[in-house]
Amino acid sequence: MTDVLVVGAGPTGLMLAAELALAGVQVKVLERRTEPQPNSRALTLHPRSIELMDQRGIADRFLAQGHTVPNWHFAGLSTRLDFAALDTRHPYTLLLPQARTERILGDWVRELGVDVLRDHDVRALQQHSSGVELTAQGPRGVVTLQSSYVVGCDGARSMVRGAAGIGFPGSDETATGMLGDFAVTDPVLLDAARERDALVVPLDDGVIRIVLLDPGRLRVPSDEPVTLSEFRESLTSLCGTDCGIAEPTWLSRFGNATRIAENYRAGRVLLAGDAAHIHFPGAGQGLNMGLQDAVNLGWKLAAEVNGWAPPGLLDTYDAERRPVGQTITDNTQVQALLIELMATAEYQRPASALREMLAGLLRFGQVNRQLAGEISGLGISYPPSGPQDDPLNGRRMPDIEIHTGESGTRLSAQLHDGQFVLLDFTGDAAAAEHGDRIRVVPAKTTGERTDFDDVTEILVRPDGHIAWATRLTDVSTRRTERALALRAWAGIKESI
């Protein structure tokens, strides 16, 4: 019997499988497609996602194959979001086609020994008190697999979600856009398109992605195929040129349907990625949300499987990630509305004025940083929990430079194997025994930042968020707090 079966070998499923494998969990991935998806609906990795890859030591694999830009957009407003102003070592969007992201993650899971079973279409799921049974149509017929847990990473039409009886409330699409991949060679024409209302992104082998939101075609259903003549007509109407496009390698339509699962967990079945939330692809947040779901869930599910999870730890996945999903679905609905209003004759003038007003507000640094933090994922904080409270608890831990003995290192280098890291700025914690789940790092901050100067210890979770921080200087009281935090988060039952 396998510990965990992951249904879906997209970026979310592959990232989750890797996280579980790092923790020693037996995991298999089932995927109905026989080959990886050749086309790329998503094109971006935002700063927080790149940080997560850095925490696992694989960020360079992605950076070597993409192109970075120091800003991004919200609803196509003229004022860009300044990622370069954010507190991160990766202050940029990485333009990287989803197909390449999947290839890199696929190579990583193979290195970790994970089996990806392609051409396995899951048809049924039955849950019982001690496990889950999946039935799938495989290349040699019907197969039945048993596992302790199942995670549905199988997209918007998730079979796993439906079989688990998890509701998916929300709204149907009211507006759609188009995308097309073309071999375009005239840079002057492409610059003209960029200056108007088209998103233009380079892909592989000289292919260019053009994304259009044509006010005259916003009401076309997303399941209606896009034709070359339709795309060329919209491109010319919006940009004054058809950019010399010839036969496309891919044409597709996308909509603004928005839904979020009523729960991310039902017993031994969990959801992540598009199986848990769908929305308008405004600002390219969907794939990034899925990756971040996977990293939040991976270590918690591994703790449950490996038998050391503190009570309620696995339930914090829903408690932490579902509100994030709600925030993102809300902001994408706002983006869709700002675009959709432009297609309605009686609202075009006030909609244009509203967009200009919002673009003006984004010129204020604090406003820009607030929204940039949300879109980039760097602003996500989880509700503090546990026996102690500190303003740092639940926040993302920056990748600070720390000194260990005579040498310096980055925090991310201490998280490559997915363990907890206890940063000890006093020398007291390093002398204690905390078990093999905790890497104790006797550290001191460098002079480049002062926001941690009065902090004496920080317990960093495997996903890079702060489980516990303290500013106590009294050794005895701090030891008591530390023991409570280790028990609440890492299941380590030290005497208090």
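The coordinates are above.
Residues numbered from 1 in each chain as written. Predicted model: local features only at pLDDT ≥ 70, side-chain atom pairs only at ≥ 80, totals over all residues. Heavy atoms only, no water.

Draft legend 1. Spotlight on the sheet that holds strand β13 (residues 176–183). The antiparallel open sheet is built from four strands, whose spatial order is β14-β15-β13-β16. What marks the edges here is a single partner per strand, and that holds for β14 (198–202) and β16 (250–255). Here the average twist between neighbouring strands, direction ignored, is 20°. Where β13 lies against β16, six bridges are found, and the strand directions are antiparallel. (Pairing = 2+ DSSP bridges. Helix = DSSP H or I, 4+ residues; strand = E, 2+ residues; numbered from the N terminus. Axes fitted to C-alpha atoms, helices over the stretch in contact; angles between N-to-C directions.)

Draft legend 2. How the structure looks around the nonpolar core. Residues Val-4, Leu-20, Phe-62, Val-151 and Leu-301 are the most contacted members of the largest nonpolar core, which totals 65 residues. Once residues lying within four places of it in the same chain are set aside, the contact partners of Val-151 are Val-4, Leu-5, Val-6, Val-7, Leu-16, Leu-270, Leu-271, Ala-272, Leu-297 and Leu-301. (Core = buried A, V, L, I, M, F, W, Y, C linked by side-chain atoms within 4.5 Å. Buried < 20%, exposed > 50% of the residue type's maximum accessible area, 1.4 Å probe, protein only. Contact = heavy atoms within 4.5 Å.)

Draft legend 3. Region of interest: the side chain of Arg-161. Relative to the assigned elements, Arg-161 resides in helix α5 (residues 159–163). Buried charge Arg-161 goes without a salt bridge, the closest partner of opposite sign being Asp-154 at 6.4 Å. Beyond its immediate sequence surroundings of up to four residues, Arg-161 is in contact with Gly-155, Ala-156, Ile-166, Phe-168, Leu-271, Asp-274 and Ala-275. (Lys, Arg positive; Asp, Glu negative; His and termini not counted. Salt bridge = Lys/Arg side-chain N within 4 Å of Asp/Glu carboxyl O.)

Draft legend 4. Region of interest: the pattern of salt bridges. Under the criterion given, the structure shown has 30 salt bridges. The salt bridge partner of Arg-110 is Asp-107, with a shortest N-O separation of 2.4 Å. Of this pair, Arg-110 and Asp-107 both sit in helix α4 (residues 98–111), separated by three residues, roughly a single helical turn. According to the relative accessible area criterion, Arg-110 is exposed, its value standing at 54%. Residue Arg-253 pairs with Glu-230 through a salt bridge whose shortest N-O separation is 3.0 Å. Linking Arg-253 in strand β16 with Glu-230 in helix α7 (residues 228–239), this pair joins segments that are 23 residues apart in sequence. Look at Arg-253 and you get buried, because its relative accessible area is 5%. The network of salt bridges with shared partners includes Asp-54, Arg-89, Asp-399, Glu-401 and Arg-410.

Draft legend 5. Fine view of the sheet that holds strand β12 (residues 170–171). In space, the three strands of this open sheet follow the order β12-β17-β20, with antiparallel pairing throughout. Of all the strands in the sheet, just β12 and β20 (277–278) have a single pairing partner and so form its edges. Pairing analysis gives two bridges linking β12 to strand β17 (residues 258–260), with the strands arranged antiparallel. Paired with Gly-170 across the strands is Arg-259, a residue of β17. The strands touched by helix α9 (residues 316–340) within the sheet are β12, β17 and β20, with β17 carrying the most contacts at an inclination of about 175°.

Draft legend 6. Structural view of the packing of aromatic side chains. Going through the model one piece at a time under the given rule, you end up with six aromatic pairs. A centroid spacing of 6.1 Å and a plane angle of 45° characterise the contact between Phe-254 and Phe-280, whose relative ring orientation is tilted. Of this pair, Phe-254 sits in strand β16 while Phe-280 sits in the loop between β20 and α8 (286–306); the two residues are 26 residues apart in sequence, bridging distant segments of the chain. Judged by its relative accessible area of 10%, Phe-254 is buried. (Phe/Tyr/Trp six-rings, centres within 6.5 Å; stacked < 30°, edge-to-face > 60°.)

Draft legend 7. Quick look at helix α11 (residues 365–376). Between its first and last C-alpha atoms α11 spans 16 Å; for 12 residues at 1.5 Å apiece the expected length is 16 Å, and the two agree. On the buried face of α11, the contacting elements are α2 (47–55), β5 (71–72), β6 (81–82) and α9. Directly beyond the C-terminal end of α11, a positive phi value near 90° is found at Gly-377. (Expected span 1.5 Å × (residues − 1).)

Draft legend 8. Expanded view of the layout of surface pockets. Taken as a whole, the second largest pocket holds about 460 Å³ of empty space. Lining the second largest pocket we find 23 residues, and of these Gly-373, Leu-378, Gly-379, Ile-380 and Ser-381 sit closest to its centre. Broken down by secondary-structure element, the contributors of at least two residues to the lining of the second largest pocket are α9 and α11. Examining the composition of the lining of the second largest pocket, we find that six residues originate from one element, α9, more than from any other. Looking at the lining of the second largest pocket, its residues break down into 10 nonpolar, five polar and eight charged. Both of domain 1 (4–171 + 258–376) and domain 3 (395–490) provide at least three residues apiece to the lining of the second largest pocket. (1 Å grid on protein atoms, 1.4 Å probe; cavity = no way out; pocket = protein on both sides within 12 Å on 5 of 7 lines; lining within 4 Å. Points joined across faces, edges and corners; volume = space filled by probe spheres on them. Nonpolar A, V, L, I, M, F, W, Y, C, P; charged D, E, K, R; others polar. Domains from an automatic or database assignment.)

Without other data, these values stay purely geometric and don't point to any function.
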